[in-house]
Amino acid sequence: QVQLVESGGGLVQPGGSLRLSCAASGATLDSYAMSWFRQAPGKRQEGVACISSNGGDTVYADSGKGRFTISRDNAKNTVYLQMNSLKPEDTAVYLCAAGSWCALEGMNYWGKGTPVTVSS
């Protein structure tokens, strides 16, 4: 059983940066693809980024491509999302998920999320 806890969210000005962390317990992450999703009020849940179990492959949504970077440290059982050049439209609750492959239906375990607000 995998438990995921996100941290690092908060209030940041447009153009600023945040690094989100997702710490796992109950199992090691080395056999799981890891992904970040976001949910904003009035909007559909959106996949943000995904990384393969060994970190060799990454996938990004167009909305964050070039600004966001997903990475993992399996030794620390943690996955990260570095977000740069943040925009107000990035405001959302960010959730991490673990699963078999980089697709919504491939995610089996979910964290509760950490809120990110981008505002001046």
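These lines cover the structure that appears in this document, whether it is placed above or below.

What counts, and at which threshold
In this convention, every chain numbers its residues from 1, walking through the sequence in written order. Only residues with pLDDT of at least 70 are given local features in this predicted model, and only at 80 or more are side-chain atom pairs given and counted; all residues enter the totals for whole chains, interfaces and linings. Excluded from the side-chain calculations are hydrogens and water; all other atoms, namely the structure's heavy atoms, are used. Whenever a pair of cysteine sulfur atoms sits within 2.5 Å, that pair is classed as a disulfide. Helix and strand definitions here come from DSSP, where helices need a minimum of 4 consecutive H or I residues and strands a minimum of 2 consecutive E residues; each element is numbered from the N-terminal end. A simple rule labels every residue: compare its accessible area, found with a 1.4 Å probe on the protein chains alone, to the largest value its type can have, and call it buried under 20%, exposed over 50%, or partly exposed in between. Any two strands between which DSSP finds at least two bridges are classified as paired. Structural elements are reduced to axes, namely lines fitted to C-alpha atoms, with helices fitted over the stretch in contact, and the angle between N-to-C directions of any two is expressed from 0 to 180 degrees. Any N or O atom pair separated by 3.5 Å or less is treated as a polar contact, with the protein-specific requirement of one donor-capable and one acceptor-capable atom, and with residues adjacent in sequence counted only for side-chain atom pairs. Only heavy atoms enter the contact rule, under which two residues are in contact if any of them lie within 4.5 Å.

Applying the stated criterion to the full structure yields two disulfides. One disulfide bridge connects Cys 22 with Cys 96, the sulfur atoms lying 1.9 Å from each other. Classification of the bridge connecting Cys 22 and Cys 96 rests on its S-S torsion, roughly 50°, and on that basis the disulfide is right-handed. Taken together, the residues span a long stretch of sequence, with Cys 22 in strand β3 (residues 18–25) and Cys 96 in strand β9 (residues 92–99) at a distance of 74 residues. In this structure Cys 22 comes out as buried when scored by relative accessible area, which is 0%. Bridging Cys 50 to Cys 102, the disulfide has an S-S length of 1.9 Å. For the disulfide bridge between Cys 50 and Cys 102, the dihedral angle about the S-S bond is near -80°, and by the sign convention the bridge is left-handed. Separated by 52 residues along the polypeptide, Cys 50 in strand β5 (residues 46–51) and Cys 102 in the loop between β9 and β10 (107–110) bring together distant segments of the chain. Among the residues examined, Cys 50 registers a relative accessible area of 6% and is labelled buried. Each disulfide in the chain links cysteines that, numbered along the sequence, combine into the pattern 1-3, 2-4.

With that settled, consider unusual backbone geometry. Its identity is not glycine, yet Asn 77 carries a phi of approximately 55°, on the positive side. Mapping Asn 77 onto the fold places it in the loop between β7 (68–73) and β8 (78–83). Judged by its relative accessible area of 13%, Asn 77 is buried. We note that Ser 85 has phi near 50°; this positive angle belongs to a residue other than glycine. Looking at the element boundaries, Ser 85 is found in the loop between β8 and β9.

Turning next to the sheet that holds β8. Within the open sheet, the four strands sit side by side as β1-β3-β8-β7. Their pairing is antiparallel. Unpaired on one side and paired on the other, β1 (3–7) and β7 mark the two borders of the sheet. Going from strand to strand, the sheet's axes swing by 15° on average, the running direction of each strand aside. Across six bridges, β3 lies against β8 in antiparallel orientation. Of the residues in β8, the one forming a bridge with Leu 18 is Met 83.

Summarising the element assignment, Arg 67 is placed in the loop between β6 (58–60) and β7. In terms of polar contacts, Arg 67 uses its side chain to reach the backbone carbonyl oxygen of Ser 63, at 2.7 Å. Excluding residues that lie within four positions of it along the chain, Arg 67 makes contacts with Gln 82, Met 83, Asn 84, Ser 85, Leu 86, Lys 87 and Asp 90.

Right, let's get into the pairing of strand β11 (residues 114–118). Because side chains alternate across β11, one face comprises the buried residues Thr 114, Val 116 and Val 118, and the other comprises Pro 115 and Thr 117, none of which is buried. Looking at chain direction, strand β2 (residues 10–12) and β11 are connected through three bridges and run parallel. Bridging across to β11, Val 12 finds its partner in Val 118.

Geometric descriptors of this kind do not, in isolation, establish any biological role.
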